[in-house]
Each structure stands twice: as C-alpha cells, then as structure tokens.
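Overview (structure and organization)
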Amino acid sequence: MIDFFRKRKRTIKNDVLSGLTVALALVPEAVAFAFVAGVDPIIGLYSAFFIGFITAVLGGRPGMISGATGAMAVVVVALVAEHGVAYLFPAVVLAGLFQLVVGICRLGMLIRIVPASVMLGFVNGLAIVIGMAQLGSFKVLGEDGVLQYMTGTPLLVMSVLVAVTMLIIWGLPKLTKAVPSSLAAIVVVTFGAIGLSSWFGVETPTIRDMLVTNEQAKAVREAASAKEEAVMEAQADALPEGLRVVPTGDVKLEPAEVEAALAGLDTEAIGLSGGVPRPFFLNEGWGIEESALAPYAPAELLNTLWVILPFALILAGVGLIESLMTLTLVDEITETRGRGNKECVGQGVANVTCGLFGGMGGCAMIGQSLINVNSGGRGRLSGITASVMLLVFVLVLAPYIELIPMAALVGVMFMVVIGTFEWATLKMWRRFPIADFFVMLLVTGYTVFMHDLATAVILGVAVSALIFAWRHAFHLGVDIRYDEQGAKHYQLHGALFFGSVTHFTDSFDPAHDPEDTVVDFYYTRVYDQSGLEAISKLAERYRAAGKRLHLTHLSPECRELLDKAGDLVEVNVSEDPQYHVATDRLG
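Anyway, here's the lowdown on the structure attached to this text. (Residues numbered from 1 in each chain as written. Predicted model: local features only at pLDDT ≥ 70, side-chain atom pairs only at ≥ 80, totals over all residues. Heavy atoms only, no water.)

1. Thoughts on the side chain of glutamate 343
Which entries qualify depends on this criterion: Strands here mean DSSP runs of E at least two residues long; helices mean DSSP runs of H or I at least four residues long; both are numbered from the N terminus. Side-chain atoms alone can form a polar contact between residues adjacent in sequence; in general such a contact is a pair of N or O atoms within 3.5 Å, and within protein one must be able to donate a hydrogen while the other accepts it. In this description, contact between two residues means that some pair of their heavy atoms is separated by no more than 4.5 Å.
Looking at the element boundaries, glutamate 343 is found in helix H11 (residues 340-356). Among the polar contacts made by the side chain of glutamate 343, one reaches the main-chain amide nitrogen of arginine 61 at a distance of 3.3 Å. Beyond its immediate stretch of four places on either side in the chain, glutamate 343 contacts Thr55, Gly59, Gly60, Arg61, Met64, Ser66 and Leu327.

Structure follows, in structure tokens:
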C-alpha cells in the first residue's frame, strides 16, 4: 500500500475534523444504499447515524467508521421487495442478536484464519469496486428516462473538479497538515462549483441533484414495471392453461410516458431533511401503518420469524465478515490492534438499536474508514463526530449539504482507491507462490464481478484450506529402522488427517513385518476422525496377521482423541518391557 495513509498523532482536533470529513462522504453513500435496498433515503441516513454512533462508542476498533452499507443493502432488497418494509426492521434486530452471540462466544478470533493472499485479494477487489461505484456519479437522466453517462461540457467540468479535488488531497499535506486535506478539498471545490454556476452558468451535479435523479429514475422504473405487468396480463389471457409469461424487464417507455411518470414527482420536496428518529412502529411516514404491523401480531410471530430468519443470518454473517476484514485493514494501516470480539458486540448492539428505530442495518464502511484514517482520525471521537454531524445535517444543515458537488466526493473516493490498492502486487506477482497468487486473483475477481465481499472472503478461505490440505497430504514421511530385539520401528513425520490417511496406510506392510511393530508419533499429530479410523484399520490388519502393533509418543491431544474415540480404538499397555514406553496404545 502506498504511503497515502500518512502517520498522524491522535488528537482531538484531528478526530473532530476527520469526523466532519467522513460525515460529508457518508451522505451520498447512505442515500445510494437506501435506493439499492428499496427503502426511503431517510432510512439510510438514520441507519448510518445509529450504526456509526453505537459502534464508535462500543466497538473494538477506534477510528473505524460504520454505517449503512451496500453489502447489507443487497441482502435486504429481496426481503423488502417480497414481504414489505415491515419485515425489514425485525430482520435487522435479529441479525444484531446473532452478532451479539458471536461476540459473547468470542468467535471474532476466526478472522485470524484469513490468509494473506485472501486479504490482498479482498483489498484489491475492494479498491476496484469502490472506483467503479464512483462512475455512477457521472450519469444523468436521459430523455428516455434511462441513466446515461455525461458527454460534452458537463463531463469536462465534472472531470476537472474531480482532478482538482485529488490534486488538493495529494498536495496540501506537503504544505500543511493543520487541516485534513480531504475536508479542505471538499470546501474548495464546493465554493468553486458555486462560483462557476453563479458567474458562468456552468452547472455540475450536486448531492441534491443526485437525490432528484435517483427519485426520477425510480419513478421511471416503476412506470416501466407497471407497463410490463399490463402487457403480461394481456398476453396471459391468450396463452393455453398452464403457461405463463415471464417478465424480462426490457419494456421501454415512450417519451410521453416518461414525461407523465416524472410529472407526478414533486422534486421540490426531495431532500435530506428529516425529523428526530423514532421507533419504527410509531413512524407512519415510512410506510409502517397500522395495517402493516400485522407481522408483529402474536398469532403471526412464528411465521414472521421463519420469513426473516434466513435474511437475518445472512445479514449477520455479511456484516461481521466485512467489519472484521475492515478492522484487520485498519490495524495494518495504523500499526495497532483492534478487538474483534468487542467489535462483534458493538455491531450487534448497533444493529438491534438500528432495527428498533426503523433502520436498514449496517456494518463497517471500508471507504469511509480509510478516509477517516487518512484525515487523521484515530480515536473513537472521530466516529462519534461523523455520526453526530450526519444527524445534524439531516435535522438542521440539509439545504447547505445538498449544495456539495458530487465531483468533490468522487475525487475523495478516487484517492481512497489509490491508497487502498496494493500496488506492490503488480510488481511482485512473479515472486508469489502460484497457489497464493491464484487465490488472490480469485478473491479479487469475485469481489469485482459479484460485488459480494463476504462471499469472496469465505470462498478464498475455503480454497486456501483445500490447497493447504492438498499440499500436506503428501508431506507425511516415514523412516524405518530395526532395533536390537528385531522390532520394526516406523518413525512418522508430518500430519495425519483426512488428506494423508491413504499415504499413511500404504506405508505399512503387516504381512512381512516382524511380530512386534512400533509406530512412533513423536514427529507427527493425529488431527481428525479420519486419522483415528486409519489407525484402527491398521491395528486390525496387524491383528489379523497375528502380530502386535505399538503406538508410542502420542501427544496429549492425540491421546485425548483416542480416549474420545471410545470403542473405535482398544487401549492396551504393552506387556513387553523392552520398549520402555510410558503409554502404548494397541489399536
């Protein structure tokens, strides 16, 4: 990783200023993820506040930023679409309870089994995904109601402002570190965009423009979906019984239909403003009316649980994996160590609270965490400041925050991409073991093309484990010698587990071995049930040949496995004193 995340001292000033910078970057992210989840933008903003504030106070990684994330939004979109927003909030609460259990049971340490190759693939894939996500800010609504990329002067202005933002972030620390360069860049570019609009009439998209564009695109999609349903109903009447029409999503609206869909949209009412958060069952403005509270009736609770259970499990898993991976990344950058189990508890409490107050849930936000670290945020105060300022934006300062140009935030995120990507992997790939390089590419590719960070990590760990097992399956060596009494000794080297049992079994020759055979486990370990069964079968082969098999130098762990095996392995102390074995076990 290049020296973008410069070392800074933990100070109150750095934490407050970096928190303010992060709060500005949180606004469009939270709104965008709310649209992905199919819920009101204010739900995304409130979710970012609750998740960010509680994890900053209770979490195990000071300086890490949490909020509403795309990974969680992708999971809940199906729940909202199929069952309605009323099922979303209890699912988030249940996911938080699962995360609490993980933290209390101290399972956060499982993050330690993630190999370096998976971590590199995760980081590189994440950088690419963050960069690709920013391209959406270069889109505007076309005449056909479909989002399309800018062209001409708007594209040129947007690109220049992005470049200016990146230049300020890169160059300002060379002059002074009194103010976070990201915050300074956002302020300068915002006033520059206002000047271009006032003096030259050159417009560039702002946060409010993004809100309006997203709402317009949503209205057009809903109109197109309604048109397709009408067409399907008409076609269904003409089809034979048993056949049905499958929606394709390819229905396009005519210009007049697009205009009609947008005519009913009150763009003046679109914005970030909102009231004080309240429990979801008291907030009718979010679609939770009395009729929508049916899932919480006593008679429906069991059915509701079965509906939300799979979503809650996935939410909990995705949130914890992304949070713990972010924790590890921040640990590496700051050269400190967070507490994984405490972070699991913090995430759980945050999601329970977020669900009760009508939020969509969330977890650690890697991009915003990197912005915070780069801006000097190292303590809990930075995360607290970011979340509190986000709520202040919603309650008081929304009209001013909406004026910030998207170009400034895109420039900040592009610098995050540059600082996140492990550029050294492009130069050192020939020095990587082929298997590790393959795993890194696999995780990177899955992250980029599937946009699923949690599954990418699980896949990488699984493949790494298979590669490890394959390598060690052939690392079980055997040295053979005879002692003065004529007994044959097999000295094992390596691990005895499911991958190496075949090689273990083939190494012995009961038919031609002497009456007494000793298997010395001094340099090996038995790791699983497959190893125990292999020992049992080997003992049966020697017993069938009328010979004695002695197992020596078994580790305490191996002896414990043999004890737990019960009738699988018969325990017998050798009667021949010449071997001087403290614990011989005859299988």
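2. Notes on the packing of aromatic side chains
Inclusion rule: Any two rings among Phe, Tyr and Trp, with Trp reduced to its six-membered ring, count as a pair given centres within 6.5 Å; such a pair is stacked if its planes are under 30 degrees apart, edge-to-face if over 60, and tilted if neither. A simple rule labels every residue: compare its accessible area, found with a 1.4 Å probe on the protein chains alone, to the largest value its type can have, and call it buried under 20%, exposed over 50%, or partly exposed in between.
This model, assessed by the stated rule, comprises 10 aromatic pairs. Centroid distance tryptophan 470 to phenylalanine 474: 5.1 Å. Interplanar angle 75°. Geometry classified as edge-to-face. Phenylalanine 474 gets classed as exposed once you look at its relative accessible area, which sits at 55%. Arranged with centres 4.4 Å apart and planes meeting at 45°, the rings of tyrosine 490 and phenylalanine 508 form a pair that is tilted. Separated by 18 residues along the polypeptide, tyrosine 490 in strand S6 (residues 488-496) and phenylalanine 508 in the loop between helix H18 (501-506) and strand S7 (516-526) bring together distant segments of the chain. Like phenylalanine 508, tyrosine 490 is buried. Taken together, Phe49, Phe50, Phe53 and Phe357 form an aromatic cluster joined through their ring pairs.

3. Details of the environment of isoleucine 535
In this structure, isoleucine 535 sits in helix H19 (residues 529-544). Residue class for isoleucine 535 comes out buried when judged on its relative accessible area of 2%. Between the C-alpha atom of isoleucine 535 and that of leucine 496, which follows or precedes it by 39 residues, the distance is 9.6 Å. With sequence-adjacent residues up to four places away left out, isoleucine 535 is seen in contact with Leu496, Phe504, Phe521, Val526 and Leu551.

4. Considerations on the pattern of salt bridges
Note the following rule: One speaks of a salt bridge when a side-chain nitrogen belonging to Lys or Arg is within 4 Å of a carboxyl oxygen belonging to Asp or Glu.
Taken as a whole and assessed by the stated rule, the structure comprises six salt bridges. Across the pair arginine 208 and glutamate 402 runs a salt bridge whose closest N-O atoms are separated by 3.9 Å. Highlighted residues: arginine 208 in helix H8 (residues 207-237) and glutamate 402 in the loop between helix H13 (380-401) and helix H14 (406-420), separated in sequence by 194 residues. Two residues, arginine 548 and aspartate 516, come together in a salt bridge whose shortest N-O distance is 2.7 Å. Of the two residues, arginine 548 sits in strand S8 (residues 548-552) while aspartate 516 sits in strand S7, which places them 32 residues apart along the sequence. Judged by its relative accessible area of 9%, aspartate 516 is buried.

5. Description of the pairing of S8
Worth spelling out the cut-off: In this description, strands pair whenever DSSP reports at least two bridges between them. Consider the strands pointing away from the viewer: the crossover is right-handed when the path from the first strand over the helix to the second runs clockwise.
Most of S8 sits out of view: four of its five residues are buried. As defined by bridge partners, S7 adjoins S8 across five bridges and the pair is classed as parallel. Across the sheet, the residue bridging to valine 519 is leucine 551, located in S8. With H19 bridging S7 and its parallel neighbour S8, the resulting β-α-β unit is right-handed.

6. Remarks on the packing of helix H2 (residues 41-58) against H11
Note the following rule: Note on method: axes are straight lines fitted to C-alpha atoms, helices fitted across the in-contact stretch only, with angles between N-to-C directions ranging 0 to 180 degrees. A crossing counts as left-handed when the near helix is turned anticlockwise from the far one by less than a right angle, and as right-handed when that turn is clockwise. Throughout this entry, Asp, Glu, Lys and Arg are counted as charged residues, while Ala, Val, Leu, Ile, Met, Phe, Trp, Tyr, Cys and Pro are counted as nonpolar. The remaining residues, Gly among them, count as polar.
Put simply, H2 and H11 touch, their axes get as near as 8 Å, and they point 145° apart. As H2 runs across H11, the sense of the crossing is right-handed. Between H2, through Ser47, Phe50, Ile51, Ile54, Thr55 and Leu58, and H11, the contact on the second element is made entirely by Lys342, Glu343, Gly346, Gln347, Val349, Ala350, Asn351, Thr353 and Cys354. Taken together, the residues of the contact of H2 with H11 sort by class into seven nonpolar, six polar and two charged.

7. Considerations on the nonpolar core
Put simply, the rule is: To qualify as a nonpolar core, a set must consist of buried Ala, Val, Leu, Ile, Met, Phe, Trp, Tyr and Cys residues joined through side-chain atoms within 4.5 Å.
In terms of nonpolar packing, the biggest core is built from 121 residues, with Val39, Leu88, Phe122, Leu272 and Met360 touching the most fellow members. Residues contacting leucine 88, with those up to four places away along its chain left out, are Val39, Val76, Leu79, Val80, Gly359 and Met360. Core analysis: the next-biggest nonpolar cluster, separate from the first, contains 19 residues, Tyr490, Leu496, Leu549 and Leu554 among them.

8. What about unusual backbone geometry?
Even without being a glycine, arginine 106 presents a positive backbone phi close to 60°. Positioned with a positive phi, glutamate 335 is a non-glycine residue whose angle comes to about 55°. Among the structural elements, glutamate 335 can be located in the loop between helix H10 (301-334) and H11.

9. With respect to H10
Residues spaced three or four apart along an α-helix face the same direction, because each turn holds 3.6 residues. As a reminder of what qualifies: Take the number of residues in a helix, subtract one, and multiply by 1.5 Å to get its expected span. A residue's bend is given by the angle between axes fitted to the 7 residues ending at it and the 7 residues starting at it.
The end-to-end C-alpha distance of H10 is 46 Å, a good match for the 50 Å that 34 residues give at a rise of 1.5 Å each. Where H10 bends most, at isoleucine 308, the angle is about 40°, and the proline proline 310 comes one to four residues later. Positive backbone phi, approximately 55°, marks glutamate 335, located one or two places after H10.

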